[in-house]
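Analysis of the macromolecular model
Each chain, letter by letter, is given below.
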Amino acid sequence: MPNLSLGCDFAVIGAGIAGASVAAELAASGRVVLIEQESQPGYHTTGRSAAVYAPIYGPQPIRALTRASLGFFRTPPQGFAAQNLLTPIAAAFVAREDQRASLDAMEHELADASTLTRIGAEDLRARLPLMRDGYAIGALWDNGTSEIDVAALHQGYLRRFKASGGTLLTRAPVTALEKAGGGWRIEAGTSEVTARIVINAAGAWADEVGSLAGAECIGLVPKRRSALMIAAPQGCDVHGLPLVVDVDEQFYLKPDAGKLLVSPANEDPEPPCDVQPDEMDIAICVDRIERAFDVSVRRIENSWAGLRSFVADKCPVVGFSRQVESFYWLAGQGGYGIQSAPALGQLAAAEVTGQGIPAHIEAENLKPDSIRPWREGIGA
């Protein structure tokens, strides 16, 4: 028998950034229970993200949702955060000679981006002296990118949720999810929750939660990405460095508190788990960074990994299930979940409460059919 029984209007499964944002938005419209399997919210992907706000990054639906999130990032609700959520940083998408076609394709796809400029090797070298001479033929240089204070964003949503009367359950893995009395009965740890509507924001575990509910399989694949913290070269002004991303996403380098955060930008399939960096990830990362930059990695100061969960087309899965009533998907955000969280939370809350897509999201030309759980090309 459960130790605690709770009734609510909306049960949100997963307290990472997706769950926290939609729970905070919903808490003004009814009773909300936010269910988290770990001892603290954001233990997995959200807590391990080195996220940036990059409206040119990701597939078309993500770019639209990211643009629609800018107003929230710039002007969050009163008291949401004690500091700015965004800190501007330049970004360079660099290409070798053998990647020229990829650079051309990216420039063509993002031709409407007013913040983006193509620069040649000489200009890139002047702006980024840390890059090895002769490595790159040029880059797309973006002035519309910002670093996101992920912790402040996540904690702001959780505070807002609790201030609106929401209930957070931790150490509460969902083990049963069944229709009952026109709603749902959920076994979560030692608690039983009844709810009118379930929102599945369970990250890497979203397909498993969907299976418990009898919903469609979306074919979600969690993929490991590793990151390392290394010392900057002697005399290097880290503060002035841009975010540097290989045009084919074979690595990235970002200044971070006087050091360098680097990654091989890997996407290795993993089952849902408390993922750890693989030794091969680390070796590949060091090799790629040393080839591209005048950097000698003598010591790894810290390393970690996170799971970025994708469906086949790498677009998020957002909307009510067609297979089971009152079950809403908010999954498959991949590596874009932080930068698009404000708009995704607002969109999901509006739809769950029976409203249309918010006007500021429609204005960014989001195509709703491109993110629905029943679209072609996803599932298993």
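Everything here concerns the structure above.
Residues numbered from 1 in each chain as written. Predicted model: local features only at pLDDT ≥ 70, side-chain atom pairs only at ≥ 80, totals over all residues. Heavy atoms only, no water.

Brief notes about the environment of Asn-266
Along the chain, the position of Asn-266 falls in the loop between strand E16 (259-263) and strand E17 (268-269). We classify Asn-266 as buried; its relative accessible area is 10%. Asn-266 sits 43 residues away from Lys-223 along the chain, and the two C-alpha atoms are 8.2 Å apart. Once you skip the residues sitting within four places of it in the chain, Asn-266 turns out to touch Arg-224, Arg-225, Ser-226 and Asp-281. Among the polar contacts listed, one links the side chain of Asn-266 to the side chain of Asp-281, at a separation of 3.3 Å. (Helix = DSSP H or I, 4+ residues; strand = E, 2+ residues; numbered from the N terminus. Buried < 20%, exposed > 50% of the residue type's maximum accessible area, 1.4 Å probe, protein only. Contact = heavy atoms within 4.5 Å. Polar contact = N/O pair within 3.5 Å; in protein donor to acceptor, adjacent residues only side chain to side chain.)

Digging into the pairing of strand E11 (residues 183-188)
By the criterion of burial, E11 is predominantly enclosed, with five of the six residues buried. Direction of pairing for strand E10 (residues 174-180) relative to E11: antiparallel, over a ladder of six bridges. By the bridge assignment for E11, Ala-176 is matched with Glu-187. Hairpin remark: E10 followed by E11, antiparallel, with two residues in the connecting loop; positive phi at Gly-181, about 55°. Sheet topology places E11 next to strand E12 (residues 191-200); five bridges connect them, and they run antiparallel. Following the sheet pairing, Ala-188 is matched in E12 by Ser-191. Connecting the antiparallel pair E11 and E12 is a turn made up of two residues, with Gly-189 showing a positive phi of about 60°. (Pairing = 2+ DSSP bridges.)

A closer look at the packing of helix H1 (residues 17-26) against helix H8 (residues 341-352)
Running from N to C, H1 and H8 cross one another at 50°; their axes reach a closest spacing of 8 Å. By the angle class used here, H1 and H8 are oblique. Here H1 and H8 pass one another in a crossing that is right-handed. Facing Ile-17, Ser-21, Val-22, Glu-25 and Leu-26 of H1, the residues of H8 in contact are Ala-341, Gly-345, Gln-346, Ala-348, Ala-349 and Val-352. Split into classes, the residues belonging to the contact of H1 with H8 amount to seven nonpolar, three polar and one charged. (Axes fitted to C-alpha atoms, helices over the stretch in contact; angles between N-to-C directions. Parallel < 35°, antiparallel > 145°, perpendicular 65-115°, else oblique. Left-handed = near helix turned anticlockwise from the far one by under 90°. Nonpolar A, V, L, I, M, F, W, Y, C, P; charged D, E, K, R; others polar.)

Focus: unusual backbone geometry
Comment: phi is negative for the bulk of residues other than glycine, and the bulk of peptide bonds are trans. You will see that Ala-257, though not glycine, has its phi angle at about 50°, which is positive. With respect to the helices and strands, the residue Ala-257 is situated in the loop between strand E15 (252-256) and E16. Here Ala-257 falls in the exposed class, since its relative accessible area comes to 77%. Even without a glycine there, the phi angle at Ala-265 is positive, about 55°.

A word on the pattern of salt bridges
Evaluation of the coordinates by the stated rule reveals 30 salt bridges. Measuring nitrogen to oxygen at the nearest pair gives 3.2 Å for the salt bridge that ties Glu-109 to Arg-63. Residue Glu-109 is found in helix H3 (residues 100-109), and its partner Arg-63 is found in helix H2 (residues 60-74); the two are separated by 46 residues along the sequence. We note a salt bridge from Arg-67 to Glu-364, for which the minimum N-O separation is 2.8 Å. In this pair, Arg-67 is assigned in helix H2 and Glu-364 in the segment after helix H9 (359-362), connecting sequence segments 297 residues apart. On the basis of relative accessibility, which here comes to 33%, the residue Arg-67 falls in the partly exposed class. (Salt bridge = Lys/Arg side-chain N within 4 Å of Asp/Glu carboxyl O.)

Things to note about the packing of aromatic side chains
In total, this model carries nine aromatic pairs according to the counting rule given. Centroid distance Phe-327 to Trp-329: 5.5 Å. Interplanar angle 85°. Geometry classified as edge-to-face. For the pair shown, Phe-327 and Trp-329 are each scored as buried. Three or more aromatic residues link up through ring pairs in this structure, and these residues are Phe-72, Phe-80 and Tyr-157. The side chain of Arg-127 reaches across the aromatic face of Trp-141, ending 4.8 Å from its centre. Seen from the ring of Trp-374, Arg-322 lies directly overhead, with NZ or CZ sitting 4.1 Å from the centre. (Phe/Tyr/Trp six-rings, centres within 6.5 Å; stacked < 30°, edge-to-face > 60°. Lys NZ or Arg CZ within 6 Å of the ring centre and 35° of its normal.)

Some details on the packing of H1 against helix H5 (residues 150-163)
Their axes nearest at 8 Å, the elements H1 and H5 cross at an angle of 35°. When you trace H1 past H5, the crossing you get is left-handed. Side by side, H1 and H5 meet where Ile-17, Ala-20, Ser-21, Ala-23, Ala-24 and Glu-25 of the first sit next to Leu-153, His-154, Tyr-157, Leu-158, Arg-160 and Phe-161 of the second. A per-class count over the contact of H1 with H5 returns eight nonpolar, two polar and two charged.

Description of the layout of surface pockets
Volume-wise, the second largest pocket comes out at about 500 Å³. Around the second largest pocket sit 18 residues that line it, and Pro-55, Ile-56, Arg-67, Ala-113 and Thr-115 are the ones nearest its centre. Of all the secondary structure elements, the ones that give two or more residues to the lining of the second largest pocket are H2 and strand E4 (86-88). (1 Å grid on protein atoms, 1.4 Å probe; cavity = no way out; pocket = protein on both sides within 12 Å on 5 of 7 lines; lining within 4 Å. Points joined across faces, edges and corners; volume = space filled by probe spheres on them.)

Focus on H2
For H2, spanning 15 residues, the distance from its first C-alpha to its last is 22 Å, which sits close to the expected 21 Å at 1.5 Å a residue. Ala-68 marks the point of greatest bend in H2, at about 30°. Those residues of H2 that sit buried are Pro-61, Ile-62, Arg-63, Ala-64, Leu-65, Thr-66, Ala-68, Ser-69, Phe-72 and Phe-73. (Expected span 1.5 Å × (residues − 1). Bend = angle between axes of the 7 residues up to and from the residue.)

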